[in-house]
Every structure is written in structure tokens, then in C-alpha cells.
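Topology and contacts: notes
Each chain, written out:
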Amino acid sequence: MPALKDVKVKITAVKKTKQITKAMNMVASAKLRNAQARIERFRPYADKFYEMLGELAKGADHTVHPLLESREEVKTVLIVAITSDRGLCGGFNHNIVSAVLKVARAKAAEGKTVKLLCIGRKGRDSFRHSEFETVAAYVNEMNSFDFTLASRIGAEVIGGFVNGTYDEVIMAFGKFISLARQEATLLPVLPLSPAEAGGEATEPVGPKAEYIYEPSVEGLLAELLPRFINVQIYRGLLDTSASEHAARMRSMDNATRNCDDLVSSLTLVYNKARQAAITKELMDIVGGSEALKG
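Let us look at the structure shown here. (Residues numbered from 1 in each chain as written. Predicted model: local features only at pLDDT ≥ 70, side-chain atom pairs only at ≥ 80, totals over all residues. Heavy atoms only, no water.)

**Details of the overall build of the chain**
Along the backbone of the chain there are 6 helices and 5 strands. Ordered by position in the sequence, the α and β elements of the chain form the string α-β-α-β-α-β-α-β-β-α-α. A burial count over the chain gives 42% of its 294 residues as buried. A separation threshold of at least 6 residues defines the contact pool for the chain, and within that pool the share at least 24 residues apart is 79%. (Helix = DSSP H or I, 4+ residues; strand = E, 2+ residues; numbered from the N terminus. Buried < 20%, exposed > 50% of the residue type's maximum accessible area, 1.4 Å probe, protein only. Contact = heavy atoms within 4.5 Å.)

Printed below as a string of C-alpha cells:
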């Protein structure tokens, strides 16, 4: 039977842990509301952008813009992996890292060179010991970011594709579906195709809109295609941010419930140990009394 003092110390430690997990749950809940509001505000803009760009790029090829160039031989693949900077969010980061490694090893098995661009400390640390080279890492950015971060990453990705450093670009991120569901998602980013450009937009109901473009389609594509890459990356950042907070909120909620269960279990052990100690003392008293009588 464990000592009463040891059990009491464990109960106190678990109660303090519960206070921490409960506070982290509340913080994650507050951050989730802000992150969810951001992604919900951005999605209508992104969907309309995809729809318009799909119409604009219809029938276009690489002669109109280099980002539309689909190369016959893909030698180098860049995977943009978006994870969180902090842990304690269950298997969220592990799922993204596993999805990245799976597709990276599949590409490497085809004889292609795979390189990684990491956004988030957890992804950078996980890939540091992998067989794939990390060409750039953005850490301590996921807690507070805006479209500027997406533009910086987009400029690096677009520059590498245009100058031939990368022949294909894939983005991996945590897609926010609901509070209880976040999915590790792989999205082809480059090269672009008209089907991909309009792929995520909701199909409009009723007559299809007809656009009149000014200036020329080529001029608009030169301006909008790079922005489209930035929009995709920004959407991945927003989705991952909301998914991270939802996963942490759920993880801390589970941890708090586990603390309650552990306190109940330890309290039962404490009561049993206390009862055993009392019984032992009573037996000693009775035994001493009987000895005196004899």
C-alpha cells in the first residue's frame, strides 16, 4: 500500500496540471474564434477569385504566362509544409508530417529530387533529421501573421519555379473542416492549369457569368496568377492556424478530463491507504491492551 504522503503529493500535482490544461483550453478556444472568423471571412473572396481566374485562364497555356507551363520531365519537387510553432495539440502536426513524408518518398522513388520549405517550428524540427533537404524555414510566424507572409513565401516559390529550380510545387497543410475534424491536405500549387485555378470555387447556380476584361487577358493573367499563388498559401496558413487551435482545444479538454479521472482514482487509493493505516493503528491498540491484560 503506498504511503499517504506520496498519494497526497500526486493528487496535488494532478490538480495543478488540471489548472494548466483548463487554462490552455480557454486560451485555445479564444484564439480559435478569431482564427475561425478569419478563414470564414476569407473563403468567399478566395472562392470568387478561383471562379474568375478559372474563366480567365480557360484556353491559356505557358505562352501566356510561365506559371502555366507544365514540364514534360519533372526533376525537382518542392513541398511547402505548413505546421504549427507549438505543440500540445494531439496528433495534428504528426499527421501533416506523415502526409509530407509519404508523398516525398513516393516522389523520390520515381527518381525525383524532393526539397522542403517549412512553415512552423514543429515541421522544421521533424524534417531536420529526414533524408530530404530543407531549403527554407519560417518559424515563430504562425502565432501572428497576415497576407505579407503569404506574399514572401509566394515570391520564393514563384521565383524558384520560373527559374527552373523547381518543376512542381505541392502545399501540405491542416484543412479546417470543423471543431472536431481537421485533415492533413496536399494541394498541387504549381504548375497551374485552368482546371486547378477554378477547382475549389463553388459551382454557381443559374446562368453563368460572362466577363469583359480590360486590359488584355494576358495582362490580367500576369497580375493575377502570382496573386493566386499567394491566395492559396494564405488560405493554407489560415486553415492550419484554425486547425491548430481546434486540435489544441480538443487535446486540452481531453487532458482535463483525464486529470479528473486520475484525481478520482488517486483519491480512492488515498482513502484505502488511510483506512488501512487507521485499521493498523486500531489493531496495535487492541493488541497492546490485550497484552497488558495478560
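**A look at unusual backbone geometry**
A cis geometry characterises the amide bond from L190 onward to P191, with omega recorded as 0°. Of note, L88 is a non-glycine position whose phi angle comes to about 60°, a positive value. With respect to the secondary-structure elements, L88 resides in the loop between strand 1 (76–82) and helix 2 (92–109). Judged by its relative accessible area of 55%, L88 falls in the exposed class.

**Quick look at the pairing of strand 2 (residues 113–119)**
Consecutive side chains along a regular strand alternate between the two faces of the sheet. When you tally the buried positions in strand 2, you get 6 out of 7 residues, the bulk of the element. Of the strand pairs in this sheet, strand 1 and strand 2 are connected by 7 bridges, and their pairing is parallel. Each bridged residue has a counterpart across the sheet, and for A81 the counterpart in strand 2 is C118. Crossover connection from strand 1 via helix 2 to parallel strand 2: handedness right-handed. Here 5 bridges tie strand 2 to strand 3 (residues 133–138), and the two strands are oriented parallel to one another. Each residue of the ladder has a partner; that of L116, found in strand 3, is T134. Crossover handedness for the path strand 2 to helix 3 (residues 121–127) to strand 3: right-handed. (Pairing = 2+ DSSP bridges. Right-handed = clockwise from strand over helix to strand, strands pointing away.)

**Brief notes about the sheet that holds strand 1**
Taking strand neighbours across the sheet as the criterion, the 5 strands line up as 3-2-1-4-5 in an open arrangement whose pairing is mixed. Each end of this open sheet is capped by a strand with a single partner; those strands are strand 3 and strand 5 (181–190). Looking at each pair of strands side by side, their axes are set apart by 20° on average, direction ignored. Where strand 4 (residues 168–178) and strand 5 come together, 9 bridges link them in antiparallel fashion. Bridge pairing in strand 5 links F176 to Q182. Against the sheet, helix 4 (residues 147–162) makes contact with strand 1, strand 2, strand 3, strand 4 and strand 5, and its axis sits at roughly 155° relative to strand 3, the strand it touches most. (Axes fitted to C-alpha atoms, helices over the stretch in contact; angles between N-to-C directions.)

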